[in-house]
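Inside the fold
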Amino acid sequence: MYKIFSVDDHIIEPANLWADRVPKKYRELAPHVVQDGSNEFWEYENQRALTMGLNAVAGRPRDEWAMEPTRFSDMLPGCYDPKERARDLLSQGVLASAAFPTLPRFGGMLFNGFKDKELAYECVKAWNDYVLDEWCPAGPPGLFVPMIITATWDPVLGEQEIKRCLDKGAKALCFVENPVPDGLPSFHVKDGHWDPIWRVCEEAGIPICMHTLSSGYKPIIDPEASYTTNIAAGNVTGMLAAINMLLSGVCERFPTIKMCWSEAGIGWIPSVLERADRQIDRHQFWGGRPKLKPSEIFRRNMFACMVDEPIGLSLWELIGADNILCETDYPHADTSFPITQKTYAELFAGIPDHVIEKVSHTNAERIFDWQMADPALATINTPWIPPTGWPERHTTTATNLTNSGSTDDGCRTFIKGGPLIEQCRKPIGPDGRCEAGHLNT
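Everything in this summary refers to the structure shown in the same document. Treat the numbers as computed from the prediction; the structure is a model and nothing was measured. (Residues numbered from 1 in each chain as written. Predicted model: local features only at pLDDT ≥ 70, side-chain atom pairs only at ≥ 80, totals over all residues. Heavy atoms only, no water.)

Next up on the list: the side chain of Asp9. In this structure, Asp9 sits in strand 1 (residues 4-10). It turns out Asp9 is buried and unbridged, and the closest side chain with the opposite charge, Arg85, is 5.4 Å from it. At 2.9 Å, the side chain of Asp9 forms a polar contact with the backbone nitrogen of Tyr330. Among residues more than four places away in sequence, those in contact with Asp9 are Arg85, Ser97, Ala98, Ala99, Phe100, Thr328, Asp329 and Tyr330. (Helix = DSSP H or I, 4+ residues; strand = E, 2+ residues; numbered from the N terminus. Buried < 20%, exposed > 50% of the residue type's maximum accessible area, 1.4 Å probe, protein only. Lys, Arg positive; Asp, Glu negative; His and termini not counted. Salt bridge = Lys/Arg side-chain N within 4 Å of Asp/Glu carboxyl O. Polar contact = N/O pair within 3.5 Å; in protein donor to acceptor, adjacent residues only side chain to side chain. Contact = heavy atoms within 4.5 Å.)

Next up on the list: empty space enclosed by the protein. By the definition in use, this model includes one cavity of 30 Å³ or more. By volume, the largest cavity amounts to about 30 Å³. Considering the residues around the largest cavity, the lining is formed by Ile11, Ser97, Ala99, Val131, Trp135, Phe144, Val145 and Met147. Secondary structure elements with two or more residues in the lining of the largest cavity: strand 5 (94-100), helix 2 (117-135) and strand 6 (144-145). Grouping the amino acids of the lining of the largest cavity by side-chain chemistry returns seven nonpolar, one polar and no charged. (1 Å grid on protein atoms, 1.4 Å probe; cavity = no way out; pocket = protein on both sides within 12 Å on 5 of 7 lines; lining within 4 Å. Points joined across faces, edges and corners; volume = space filled by probe spheres on them. Nonpolar A, V, L, I, M, F, W, Y, C, P; charged D, E, K, R; others polar.)

In a disulfide, the sulfur atoms of two cysteines are held together by a covalent bond. Throughout the structure, instances matching the rule amount to zero disulfides. Of the cysteine sulfurs around Cys201, a residue in no disulfide, the closest is that of Cys209, at 9.5 Å. Given the relative accessible area of 1%, Cys201 is considered buried. (Disulfide = S-S within 2.5 Å.)

On to the packing of helix 2 against helix 3 (residues 155-166). Between helix 2 and helix 3, the shortest axis-to-axis distance is 11 Å and the interhelical angle comes to 20°. The orientation of helix 2 relative to helix 3 falls into the category roughly parallel. Here helix 2 and helix 3 pass one another in a crossing that is right-handed. Contact residues: Tyr121, Val124, Lys125, Asn128, Asp129 and Leu132 in helix 2; Leu157, Gln160, Glu161, Arg164 and Cys165 in helix 3. (Axes fitted to C-alpha atoms, helices over the stretch in contact; angles between N-to-C directions. Parallel < 35°, antiparallel > 145°, perpendicular 65-115°, else oblique. Left-handed = near helix turned anticlockwise from the far one by under 90°.)

For the rest of this paragraph, the subject is helix 14 (residues 353-368). Each full turn of the α-helix corresponds to 3.6 residues, which orients residues three or four apart in the same direction. Between the first and last C-alpha of helix 14 there are 22 Å, a value that for 16 residues agrees with the 22 Å anticipated at 1.5 Å per step. Roughly 55° is the biggest bend found in helix 14, and it falls at Val359. Here helix 14 has its buried residues at Val355, Ile356, Val359, Ser360, His361, Asn363, Ala364, Ile367 and Phe368. Phi turns positive, to about 50°, at Asp369, one or two residues after helix 14. (Expected span 1.5 Å × (residues − 1). Bend = angle between axes of the 7 residues up to and from the residue.)

So, on to the pairing of strand 2 (residues 32-36). Counting buried residues in strand 2 gives four out of five residues, a clear majority hidden from the surface. Looking at chain direction, strand 2 and strand 3 (residues 39-44) are connected through five bridges and run antiparallel. Looking at the pairing, Val33 lines up with Trp42 of strand 3. Adjacent in sequence and paired antiparallel, strand 2 and strand 3 are bridged by two residues, among which Gly37 carries a positive phi angle near 65°. (Pairing = 2+ DSSP bridges.)

Another aspect to go through is unusual backbone geometry. In this chain, Tyr330 is followed by Pro331 through a cis amide linkage whose omega measures 5°. Mapped onto the elements, Pro331 comes out in the loop between strand 12 (324-326) and helix 13 (340-347). For Arg105, which is not glycine, the phi torsion reads 75° and is therefore positive. Relative to the helices and strands, Arg105 resides in the loop between strand 5 and helix 2. Residue classification places Arg105 among the buried positions, given a relative accessible area of 9%. The phi dihedral of Asp308 falls on the positive side, at around 50°, and the residue is not glycine. Inspection of the secondary structure puts Asp308 in the loop between strand 11 (302-306) and helix 11 (310-314). For Asp308, a relative accessible area of 48% gives the class partly exposed.

Let us look at the nonpolar core. Formed by 123 residues in total, the largest nonpolar core has its most connected members in Trp18, Phe111, Phe175, Trp198, Met259, Met306 and Phe368. Met306 has contacts with Ile266, Leu313, Ile324, Leu325, Cys326, Glu327, Tyr344, Leu347, Phe348 and Val359, leaving out every residue within four places of it along the chain. (Core = buried A, V, L, I, M, F, W, Y, C linked by side-chain atoms within 4.5 Å.)

All right, on to a nonpolar patch on the surface then. Taken together, the side chains of Tyr217, Val236 and Leu240 define a hydrophobic patch exposed on the protein surface, amounting to about 240 Å² of accessible area. Summarising the element assignment, Tyr217 is placed in the loop between strand 9 (208-211) and helix 5 (227-232). For Tyr217, a relative accessible area of 38% translates into the label partly exposed. (Patch = residues over 30% accessible without salt bridge, like charges linked within 9 Å, V, L, I, M, F, W, Y side chains within 5 Å. Areas by Shrake-Rupley, 256 points an atom, 1.4 Å probe, with all protein chains shown as cover.)

Let us now look at the pairing of strand 9. The two faces of strand 9 match: Ile208 and Met210 on one face and Cys209 and His211 on the other face are all buried. In this structure, strand 8 (residues 172-175) lies alongside strand 9, joined through three bridges in parallel fashion. By the bridge assignment for strand 9, Cys174 is matched with Cys209. Handedness of the crossover is the feature at issue here: the chain leaves strand 8, passes through helix 4 (residues 195-204), returns alongside strand 9, and the resulting connection is right-handed. The pairing of strand 9 with strand 10 (residues 259-262) spans four bridges and is parallel. Note on strand 10: the bridge partner recorded for His211 is Ser262. (Right-handed = clockwise from strand over helix to strand, strands pointing away.)

See the structure below:
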């Protein structure tokens, strides 16, 4: 059995996460799930977004995948129920899992856009308390790594929240790969704007985990391209963000800081570092030169995750065996579940044993300062069987709708709104078309 430490999984938040935790005066504005016909939506600050889509397809045959809205009853319970998640992960030999948020976006940036920042901060705290008090304790010791989000709109407040959570056992920070698309200052600013975040994480020794697309920015390849085209190019933002961070000066000011890049892949790393080193050398006399080459900063401070990437792993000597981590991406479309052991057996074929040990778990154990769950708890010799009645099963504790709504007041066409799938909701004219030109029938 390969002992797997997954540094990229995702929590599909249960419908009552915020409704049960924010102060009463905020419950109608904080995220809550509403039902409209056969669809379920998240609503917050008078906005509406679909629940999941391709973010929750684990265990479902690929010919059933689609982008239409998804109800909780259409998902494996392990998407939103930590006890069921523990069952699913242990069945695959996954002994540790760091999970990113879903509705708050992969870097927790949803709340940066809230008009009411007091509400936003309460929502951040509610997510963290859920993870620390309920999600992580629901699994056996060592299985769920306590990773938190923070207040991105105010680094001093963000530092305060990180410290609060460190006292409760937090071991990692989920953060945005690039704040600029959301209207926040650059990582390159010279006034130390982000230093409170960097400083508290460095001092605590916790890694900063950044997921591709967490900024909401995605280069437009071709407006006529299919959505699959955009998915195929999804790692590009991670590449851009990593280069940006390498040359930002952050790792020079905080030399022991640890940064993990999730779901951007690893195969591109040698060529990108080679080019970055070359360009720094060529342009140093007018563009400046850091004390360390980008490749040296990467080896010292940065770590990258891979999902089923045999070509990338074959470059382990060029990347650095100590800098590669693995992920199962449960319950997203890239997940290896429910054939994780088979997937890694094929991926690790021909790779030296000492590299396999590092990549599969010991690198992550070192970086996160974390002891995985007891390997004796793994149940990989027992074939994984979908829960009885799934996908018809509807667990009321996870789907207790806090409100009900109607979309009669706007266009029902589904559009890509930043990192979320949302309804257009623009006013509909007498001809049945909304202001954006979508036809409603």
